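The lines below spell out each chain.
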Amino acid sequence: MTEPVTWKAMSPAEVCDVMDFWAAADWPLSEDEVQRLAVERFGWSIEVEDGVSYLMNDVSGFTIPDVSTIGSKGPLSYISLRASDVIRRITPESTDFLGDNFVLMVREGQQRWGNQTMRKPDGAESASWNLHSGARITLNCNPKSLSAMFQTPQGVELDRKLGY
């Protein structure tokens, strides 16, 4: 008999706490400032490869721990992180696992930030909230993982100027 497959996911409260932390930050911030804050607040780490610093959420123990921090030379535009393991083989059980956790994350987000905008592009599902600060929080459910993105007020404004 084979062992049951188990996956890890952040709790809905943990995902929303991370997003609330970034929402309360004093934007604009540089990538270095964001990395320093993430290490101080969450215990994440910074890895350097070829002179480039990468933020890693090695606290959650996920299969892929990297956290994307994207911005130009100036203020950061967004922070994107996995909220679950990356599932290698999609099964009905993995789909249920991700779907159930996504529903709970959205429910927690709705309690904190109000009504969300739902989208279902190409087999994925997302819930987004536009915050009073001009920032945006998006929770995503893809066939292989859950993720969360905090788009800074500067990133939202940049998208608006580009027509997104």
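The notes below deal with the structure included here. What you see is a predicted model, and the numbers here were worked out from it, not measured in a lab. (Residues numbered from 1 in each chain as written. Predicted model: local features only at pLDDT ≥ 70, side-chain atom pairs only at ≥ 80, totals over all residues. Heavy atoms only, no water.)

**Focus on the nonpolar core**
Judged by nonpolar contacts, the single largest core of 38 residues is most densely connected at Trp22 and Trp27. Taken together, the elements giving at least two residues each to this core come down to helix H1 (12–24), helix H2 (31–42), strand E4 (76–82), helix H3 (92–113), strand E6 (125–130), strand E7 (136–141) and strand E8 (146–151). Excluding anything up to four places from it in sequence, Trp27 contacts Trp22, Val34, Leu76, Ile79, Phe150, Thr152, Pro153 and Gln154. (Core = buried A, V, L, I, M, F, W, Y, C linked by side-chain atoms within 4.5 Å. Buried < 20%, exposed > 50% of the residue type's maximum accessible area, 1.4 Å probe, protein only. Helix = DSSP H or I, 4+ residues; strand = E, 2+ residues; numbered from the N terminus. Contact = heavy atoms within 4.5 Å.)

**Considering the pattern of salt bridges**
With the rule as written, the count across this model stands at six salt bridges. Arg112 serves as the salt-bridge partner of Asp20, at 2.6 Å between the closest nitrogen and oxygen. Placement of the pair is Asp20 in helix H1 and Arg112 in helix H3, with a sequence separation of 92 residues. Asp20 gets classed as partly exposed once you look at its relative accessible area, which sits at 29%. With relative accessibility at 28%, the residue Arg112 sits in the partly exposed group. The salt bridge partner of Glu157 is Arg160, with a shortest N-O separation of 2.5 Å. Within this pair, Glu157 and its partner Arg160 are both found in helix H4 (residues 153–162), separated by three residues, close to a single helical turn. Here the salt bridges do not stand alone but share partners, grouping Asp17, Asp20, Glu108 and Arg112 into one network. (Salt bridge = Lys/Arg side-chain N within 4 Å of Asp/Glu carboxyl O.)

**Some details on the packing of H1 against H2**
When two helices pack together, you describe them by how their axes are tilted relative to each other and by the distance separating the axes. Interaxial distance between H1 and H2 falls to 12 Å at its minimum, and their mutual angle equals 135 degrees. Judged by the angle between their axes, H1 and H2 are oblique. Between H1 and H2 the crossing geometry is right-handed. Of H2, the residues touching H1 (which contributes Val18, Phe21 and Trp22) are Val34, Leu37, Ala38, Arg41 and Phe42. Residue composition of the contact of H1 with H2, by class: seven nonpolar, no polar and one charged. (Axes fitted to C-alpha atoms, helices over the stretch in contact; angles between N-to-C directions. Parallel < 35°, antiparallel > 145°, perpendicular 65-115°, else oblique. Left-handed = near helix turned anticlockwise from the far one by under 90°. Nonpolar A, V, L, I, M, F, W, Y, C, P; charged D, E, K, R; others polar.)

**A look at the environment of Pro28**
Considering the arrangement of structural elements, one finds Pro28 in the loop between H1 and H2. In sequence terms Pro28 and Ser77 are 49 residues apart; their C-alpha atoms lie 8.9 Å from each other. Every residue in contact with Pro28, bar those within four places of it in the chain, is listed here: Glu33, Pro75 and Gln154.

**Let's talk about H1**
If you check H1, its first and last C-alpha atoms are 18 Å apart, about what 13 residues at 1.5 Å a residue would give, namely 18 Å. The complete set of buried residues in H1 reads Pro12, Val15, Cys16, Val18, Met19 and Trp22. For H1, the buried positions fall inside an angular range of 155 degrees around the axis, keeping them on one side. Those residues of H1 hidden inside the fold are in contact with H2, E4, H3, E7 and E8. (Expected span 1.5 Å × (residues − 1). Arc of directions from axis to C-beta.)

**Concerning H4**
Those residues of H4 not exposed but buried are Pro153, Gly155 and Val156. Taken down its axis, H4 places every buried residue within 165 degrees of arc, on the same side. Exposed and facing more than 90 degrees away from the buried side of H4 are Lys161 and Leu162. Where H4 is buried, its residues touch E4, E7 and E8. Immediately downstream of H4, the backbone of Gly163 shows phi near 90 degrees, a positive value.

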